[in-house]
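# Coordinates in review
For reference, the chains in residue letters:
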Amino acid sequence: MGQSSRTPPKVAVLLGGPSVEREVSLSSGQACAAALRDEGYDVVEIDAGQDLGARLIDVGPDAVLNCLHGRWGEDGCVQGLLEWMGVPYSHSGVLASALAMDKQRSKEAFVAAGLPVVPSVIAKAADVRIGHVMQPPYVVKPNNEGSSVGVYLVHEAANGPPQLSEDMPQEVMVEAFAPGRELTTTVVGDRPLTVTDIVTDGWYDYDAKYKPGGSHHVVPADIPADIFDMCMDYALRAHHALGCRGVSRTDFRWDETKGAAGLILLETNTQPGMTATSLSPEQAAATGMPFGKLCAWMVEDASCDR
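In what follows, the accompanying structure is described. (Residues numbered from 1 in each chain as written. Predicted model: local features only at pLDDT ≥ 70, side-chain atom pairs only at ≥ 80, totals over all residues. Heavy atoms only, no water.)

## Comments concerning helix 9 (residues 279-286)
Three or more residues of helix 9 are buried, namely Leu 279, Ser 280, Pro 281, Gln 283 and Ala 284. Positive backbone phi, approximately 95 degrees, marks Gly 288, located one or two places after helix 9. (Buried < 20%, exposed > 50% of the residue type's maximum accessible area, 1.4 Å probe, protein only. Helix = DSSP H or I, 4+ residues; strand = E, 2+ residues; numbered from the N terminus.)

## Notes on the packing of aromatic side chains
Applying the stated criterion to the full structure yields one aromatic pair. Between Tyr 234 and Phe 252 the ring centres are 6.4 Å apart and the planes differ by 40 degrees, which places this aromatic pair in the tilted class. With Tyr 234 in helix 8 (residues 225-242) and Phe 252 in strand 11 (residues 247-254), the pair connects residues that are 18 residues apart, well separated along the chain. Given the relative accessible area of 13%, Tyr 234 is considered buried. If you follow Arg 71 out to its NZ or CZ, it ends over the ring of Trp 72, 4.8 Å from the centre. Lying over the aromatic face of Tyr 89, Arg 306 brings its terminal NZ or CZ to 6.0 Å of the ring centre. (Phe/Tyr/Trp six-rings, centres within 6.5 Å; stacked < 30°, edge-to-face > 60°. Lys NZ or Arg CZ within 6 Å of the ring centre and 35° of its normal.)

## Digging into unusual backbone geometry
Here the bond from Pro 136 into Pro 137 is cis, since omega is 5 degrees, no more than 30 degrees from zero. Mapped onto the elements of the fold, Pro 137 is located in the loop between helix 6 (125-130) and strand 5 (138-142). Going from Val 219 to Pro 220, the amide bond is cis rather than trans, its omega being -5 degrees. Unusually for a residue other than glycine, Trp 72 sits at a positive phi of about 75 degrees. By secondary structure assignment, the location of Trp 72 is in the loop between strand 3 (63-66) and helix 3 (77-85).

## Points about the pattern of salt bridges
With the rule as written, the count across this model stands at 13 salt bridges. The salt bridge partner of Asp 251 is Arg 249, with a shortest N-O separation of 3.0 Å. Here Asp 251 falls in the buried class, since its relative accessible area comes to 7%. By relative accessible area, which is 6% here, Arg 249 ends up buried. Members of the salt-bridge network, linked through shared partners, are Lys 107, Lys 141, Glu 175 and Glu 267. (Salt bridge = Lys/Arg side-chain N within 4 Å of Asp/Glu carboxyl O.)

## Examining the sheet that holds strand 7 (residues 171-176)
With antiparallel pairing, four strands are arranged side by side in an open sheet as 4-7-5-6. Two strands close off the open sheet at either side, each with one partner strand: strand 4 (120-124) and strand 6 (152-154). Pairwise comparison of adjacent strand axes, ignoring direction, gives a mean angle of 25 degrees for this sheet. Of the strands in this sheet, strand 4, strand 5 and strand 7 are in contact with helix 5 (residues 103-112), which crosses strand 7 at around 40 degrees. (Pairing = 2+ DSSP bridges. Axes fitted to C-alpha atoms, helices over the stretch in contact; angles between N-to-C directions. Contact = heavy atoms within 4.5 Å.)

## Looking at the sheet that holds strand 1 (residues 10-15)
Whenever strands of a sheet pair, they do so through backbone hydrogen bonds, lying parallel or antiparallel. With parallel pairing, three strands are arranged side by side in an open sheet as 2-1-3. With one partner strand each, in any of the chains shown, strand 2 (42-47) and strand 3 form the two edges of the open sheet. Across the sheet, the mean angle separating the axes of adjacent strands is 25 degrees when strand polarity is ignored. In this structure, strand 1 lies alongside strand 2, joined through six bridges in parallel fashion. Bridge pairing links Ala 12 to Val 44 in strand 2. In the packing of helix 2 (residues 52-59) onto the sheet, contacts are made with strand 1, strand 2 and strand 3, and the angle to strand 2 comes to roughly 165 degrees.

## Concerning the pairing of strand 11
Where burial is concerned, most of strand 11 is hidden: eight out of the eight residues are buried. Relative to strand 11, strand 8 (residues 181-188) runs antiparallel, the two sharing eight bridges. Along strand 11, the bridge assignment pairs Arg 181 with Trp 254.

## A word on the environment of Val 247
Mapped onto the fold, Val 247 is located in strand 11. Taking the C-alpha atoms as reference points, Val 247 and Val 299, separated by 52 residues in sequence, lie 11 Å from one another. Ignoring anything within four residues of it in the chain, the contact list for Val 247 reads His 91, Thr 186, Val 187, Val 188, Thr 270, Pro 272, Leu 294, Trp 297 and Met 298.

Here it is in structure tokens:
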């Protein structure tokens, strides 16, 4: 999307929405909207609901910056609507968004691309509550949600299976626990930015991701050069394996006692958070792209047929 020299481009920032990640999406969208206004764009914030199509027709944006998180916003649904309407939008398209949101199918794509993942199965939540469906330690999480919402870590010494909350989906992913350090790499376009080492006191859960002080980020990560380079390579390969566009972020676990063999790819996020504590804006800033410039890049990169 090219900027006019006379009239500032009109950008609709999609935020909020009906998913369980609504509050994080509101924070991301509000931060991006403010940054785009500072960059000279004409910005309209749209809290995405069932009237989204009508709202977009009323606004008539030149482009959409998609700051939705979770189901409907990053699983291909909104992307399909925007493709149907012919409105240029940011981030990944319909197929890549749907594929990345389905953790099991995205892992199958990673395996096909030669990327290292841990074993996992899809199981009925009812069965997971009754008994161990995998030898502990393991992790239980929804197969199609993000941001560590509803993630259960079952320790090796656990007395019994996890007592999943009733709002967990009927089918969940049960995944072997990958020990070690939490690393992540953002890809912008076709360029991996850097590696962050995420330091927490415990499990990197929803609070650790989004609450101030929940985690400490070391950027760039103080890790061996070969592991750093592998993270950069794996993140770009994962981006391509899923068919991602725009910005994505790939998360890893690294068991440093095993060297290069201890690096495991966890998942790729096609709609990384854009809050004050988010990883991708922090990596962009560390590599010379301030937050406003990152937001502007995503708008200028917007297109259909993604």
